[in-house]
Amino acid sequence: MTSIDAKGAPTVASLLTAEAVRTRARMIFDAAKRGALTHFALHIDALPACAAYVADTIRQNYPDLKVPPHSRWRHLSANGHDWAERLGDRLSSDDYRRAGQMMDLALVSVLLDAGAGPDWRWRDPVTGRDFGRSEGLALASLDAFRDGVFSSVADAPCQADAAGLQGLSTERLAAAFQVRDDNPLIGLDGRVALLRRLGSVIATAHSGFGSGAQARFGNIFNQWVEALDMGEIDLPTVLEVVLETLGAIWPGRI
């Protein structure tokens, strides 16, 4: 769905679509076939060998061909253990609300997953094991979510609402991520600023999130379920909502 302005030119919004991604990917591929790229060369004759290598690797690692999706949940299933089980009865017993809570968790956890640096570690208080980098950031964010770090409602810790995110302090996130002078986390202030902007955006950006202090990204799950009840969830529309909404939390960046 390409938007056109009054002068007949595509609008910026038309770039925030799955169609735009596919169209421009095709343009780059066509340029590669012509040898018109500055930094890359395409050797299409190597594609069969590359495909065979990928297929063989998949069969070696997943003989049943049940390849798990690449997602944040892989980090929360480290070493075959479902760490998310620790959320326990702090999650809602209602399936729809619980799904919304897990969307909240996934969003803040992914946004906190930037380079941690080589020296930072998070020690699991239950097992005493140390985790670093993306795995450590994922598990630290899970514990923080369980403890209500991103929630403004004491009786509902497992959520990331607008007020909770906007009020997040560097000190509180540092404590949750066990940051100390001898355990530095690169970009701590930037992570906090990003989550604060997220809180500001979801408070005003989309009616499906709710409004004001209790607005949450996970609230939009109910809207998508209603669409499913009518026949289907339009995935390109889901992508557009995510891009148009969350783009504002990175001001001044492409």
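These remarks concern the structure in this document. Position numbers for residues start from 1 in each chain and track the written sequence from start to end. Only residues with pLDDT of at least 70 get local features here, since the model is predicted, and only at 80 or more are side-chain atom pairs given and counted; chain-wide, interface and lining totals rely on the full set of residues. Side-chain numbers come from the whole structure's heavy atoms, not from hydrogens or water.

**Describing the overall build of the chain**
Then comes step 1: The number of helices and strands found in the chain is ten helices and two strands.
Then comes step 2: Put simply, DSSP marks the helices as runs of H or I at least four residues long and the strands as runs of E at least two long, and each gets a number from the N terminus on. Taken from the N to the C terminus, the helices and strands of the chain come in the order α-α-α-α-β-β-α-α-α-α-α-α.
Then comes step 3: Overall, the C-alpha framework of the chain stretches about 60 × 50 × 40 Å when taken along its three principal axes.
Then comes step 4: For every residue, the accessible area (1.4 Å probe, protein chains only) is compared with the maximum for its type, and the residue is labelled buried under 20%, exposed over 50%, or partly exposed between those bounds. Counting over 254 residues, the chain shows a buried share of 36%.
Then comes step 5: We score Asp and Glu as negative and Lys and Arg as positive, and we do not count His or the chain ends. The location of each charge is read from NZ of Lys, CZ of Arg, CG of Asp or CD of Glu. Computed over 26 positive and 31 negative side-chain charges, the separation of the two mean positions in the chain equals 5 Å.

**So, the pattern of salt bridges**
If charged atoms from side chains of opposite charge come close, those side chains can pair.
Then comes step 1: The rule for a salt bridge is simple: a side-chain nitrogen of Lys or Arg has to be within 4 Å of a carboxyl oxygen of Asp or Glu. Evaluated as defined, the whole model comprises eleven salt bridges.
Then comes step 2: Measuring nitrogen to oxygen at the nearest pair gives 3.1 Å for the salt bridge that ties Asp113 to Arg72. One end of the pair, Asp113, is in the loop between helix 4 (95-111) and strand 1 (122-123); the other, Arg72, is in helix 3 (residues 72-75), and 41 residues separate them in sequence.
Then comes step 3: Taking the relative accessible area as the measure of exposure, Arg72 reaches 7% and is therefore buried.
Then comes step 4: In this structure, Arg180 and Asp182 form a salt bridge, with 3.0 Å as the shortest nitrogen-oxygen distance.
Then comes step 5: Because the salt bridges share partners, they merge into one network encompassing Arg90, Asp143, Arg146 and Asp147.

**Some thoughts on a nonpolar patch on the surface**
Then comes step 1: A surface patch of nonpolar side chains, about 480 Å² in accessible area, is lined by Tyr53, Val54, Ile58, Leu65 and Val67.
Then comes step 2: One can find Val54 in helix 2 (residues 47-61). Every patch collects residues that have over 30% relative accessible area and no salt bridge, joining them within 9 Å if they carry like charges and within 5 Å if they are nonpolar side chains (Val, Leu, Ile, Met, Phe, Trp, Tyr). Accessible surface area values rest on a Shrake-Rupley calculation with a 1.4 Å probe, where residue burial reflects the displayed protein chains alone.

**Notes on helix 10 (residues 235-246)**
Then comes step 1: To estimate the expected span of a helix, count its residues, drop one, and scale the result by 1.5 Å. With twelve residues, helix 10 extends 16 Å between its outermost C-alpha atoms, agreeing within 8% with the 16 Å of an ideal straight helix rising 1.5 Å per residue.
Then comes step 2: Of all the residues in helix 10, the buried ones are Val238, Glu240, Val241, Thr245 and Leu246.

**Section: unusual backbone geometry**
Then comes step 1: One non-glycine residue, Arg133, lies in positive phi territory at about 50 degrees.
Then comes step 2: Within the secondary structure, Arg133 is located in helix 5 (residues 133-146).
Then comes step 3: Positive phi values are uncommon outside glycine, yet Gln178 reaches one of about 60 degrees.
Then comes step 4: Relative to the helices and strands, Gln178 is located in the loop between helix 7 (170-176) and helix 8 (188-204).
Then comes step 5: Assessed through its relative accessible area of 21%, Gln178 is described here as partly exposed.

**A few points about the environment of Ala213**
Then comes step 1: Tracing the chain through its elements places Ala213 in the loop between helix 8 and helix 9 (220-229).
Then comes step 2: Counting along the chain gives 62 residues from Ala213 to Ser151, while the straight-line C-alpha distance between them is 10.0 Å.
Then comes step 3: When checking whether two residues touch, look at their non-hydrogen atoms; a contact exists if any pair is within 4.5 Å. Non-local contacts of Ala213, meaning those with residues more than four positions away in its chain, are made with Ser152, Asp161, Ala162 and Ala163.

**A closer look at the packing of helix 4 against helix 8**
Then comes step 1: Here, axes are lines fitted to C-alpha atoms. For helices the fit covers the stretch in contact, and angles between N-to-C directions go from 0 to 180 degrees. Where helix 4 meets helix 8, the closest approach of the two axes is 10 Å, and the angle between their N-to-C directions is 145 degrees. Residues Leu107, Val108 and Leu111 of helix 4 lie in contact with helix 8, whose contacting residues are Leu194, Leu195 and Leu198.
Then comes step 2: In terms of residue class, the contact of helix 4 with helix 8 is built from six nonpolar, no polar and no charged. Under the grouping applied here, Gly and all other residues not named as nonpolar or charged are polar, the nonpolar ones being Ala, Val, Leu, Ile, Met, Phe, Trp, Tyr, Cys and Pro and the charged ones Asp, Glu, Lys and Arg.

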